[in-house]
Amino acid sequence: MSVDLIEREAYVSAPVERVWRVLTTAEHIRTWYAFGGAEVDLRPRGALRFRWDEHGEFHARVELVEAPTRFVFRMAANPDQPPERGDATLVEFTLAPEGEGTRVTVAETGIEALDVPDEAKAQHAEYARLAWTAALEELGALAAASHG
């Protein structure tokens, strides 16, 4: 079974611009994803850092910013490592207006190219499925409740 593409989507009851702000600002990211804190340099090749008390700090690099519809970054698969090929996956968020809200899609690719055993790839994929599902739920709730 291929584990190279993990994709999740959700409808968020908020306009694209508000969802974008929640998706890309550090103060919001620590609420819906990186609960130990986040740092964001929202420019191509900008540095990202995501922290979790139980997992450590993960480094990422911005690959593409097309506000307010696409945000792509390469994230290290292991804590305290640079996001280099062989040790990183590509994460792409796409936002599209839908009615009064926004359709948010997240896709993580590159798991098959990680320089780890197949069992570790399968574990990464399973964790990604659960993590992105939960993250989209939290992002959606935060964006829907946010007014700023």
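This text goes with the structure placed above it.
Notes on the structure in this doc start here. Fair warning: this is a prediction, and the values are worked out from it, not measured in the lab. Counting restarts for each chain: residues are numbered from 1 in the order of the written sequence. It should be noted that, the model being predicted, local features are given only for residues of pLDDT at least 70 and side-chain atom pairs only at 80 or more, the latter also being counted only at that level, while totals for whole chains, interfaces and linings use all residues. Only hydrogens and water are set aside; all other atoms, that is, all heavy atoms of the structure, feed into the side-chain values.

## Observations regarding helix 3 (residues 118–145)
The line we're drawing: Labels follow the DSSP assignment, with helices taken as runs of H or I lasting at least four residues and strands as runs of E lasting at least two, numbered in each case from the N terminus. Residue count minus one, scaled by 1.5 Å, sets the expected span of a helix. Remark: exposure states derive from per-residue accessible area (1.4 Å probe, protein chains only) relative to the maximum for the residue type, with buried under 20%, exposed over 50%, and partly exposed in between. The criterion used for residue contact is that any of the two residues' heavy atoms lie within 4.5 Å.
Relative to the 40 Å expected for 28 residues at 1.5 Å per residue, helix 3 spans 40 Å between its end C-alpha atoms, a close match to the ideal helical length. If you check which residues of helix 3 are buried, you get Lys-121, Ala-125, Ala-128, Arg-129, Trp-132, Ala-135, Leu-136, Leu-139, Gly-140, Leu-142 and Ala-143. Buried residues belonging to helix 3 abut strand 1 (5–12), helix 1 (16–24), helix 2 (26–32), strand 6 (88–98) and strand 7 (101–109).

## Description of the sheet that holds strand 7
Strands pair in a sheet through their backbones, by hydrogen bonds, and they do so in one of two ways: parallel or antiparallel. Our working definition: A pair of strands is considered paired only if DSSP assigns at least 2 bridges between the two. A fitted line through C-alpha atoms serves as each axis, taken over the contacting stretch for helices, and the angle formed by two N-to-C directions is quoted from 0 to 180°.
Read from one edge to the other, the open sheet built from seven strands follows the order 1-7-6-5-4-3-2, with strand pairing classed as antiparallel. With partners counted over all chains shown, the strands left at the sheet margins are strand 1 and strand 2 (37–40), one partner each. For this sheet, the mean angle separating the axes of adjacent strands, direction not counted, is 20°. Most of the contacts of helix 1 go to strand 6, to which it runs at about 160°, and overall it touches strand 1, strand 2, strand 4 (56–66), strand 5 (70–76), strand 6 and strand 7. Packing of helix 3 onto the sheet brings it into contact with strand 1, strand 6 and strand 7, and relative to strand 1 it is tilted by some 15°.

## With respect to the side chain of Thr-105
Within the element layout of this structure, Thr-105 appears in strand 7. On the basis of relative accessibility, which here comes to 16%, the residue Thr-105 falls in the buried class. With sequence-adjacent residues up to four places away left out, Thr-105 is seen in contact with Glu-7, Arg-8, Glu-9, Glu-92, Phe-93 and Thr-94.

## A few points about the nonpolar core
Grouped burial of nonpolar side chains is what soluble globular proteins tend to show. For clarity, the cut-off: Buried Ala, Val, Leu, Ile, Met, Phe, Trp, Tyr and Cys residues form a nonpolar core when they are joined through side-chain atoms within 4.5 Å.
Core analysis: the biggest nonpolar cluster contains 40 residues, and Trp-32, Tyr-33, Phe-50, Phe-73, Phe-93 and Trp-132 have the highest contact counts within it. Sort the elements by how many residues they give to this core and helix 3 lands first, with eight residues. For Phe-93, the residues in contact, after removing those within four places along its chain, are Leu-23, Trp-32, Thr-69, Arg-70, Phe-71, Phe-73, Val-104, Thr-105, Val-106, Trp-132 and Leu-136.

## Overview of the pattern of salt bridges
Convention followed: By convention in these notes, a salt bridge is any Lys or Arg side-chain nitrogen within 4 Å of a carboxyl oxygen on Asp or Glu.
For the structure on display, the rule yields 12 salt bridges. The residue Arg-51 makes a salt bridge to Glu-57 at a minimum N-O spacing of 2.6 Å. Residue Arg-129 pairs with Glu-126 through a salt bridge whose shortest N-O separation is 3.4 Å. With Arg-129 and Glu-126 both in helix 3, this residue pair falls three residues apart, about one helical turn. Relative accessible area serves as the criterion here: at 38%, Glu-126 is assigned to the partly exposed category. One salt-bridge network, in which partners are shared between bridges, spans Glu-39, Arg-49, Arg-51 and Glu-57.

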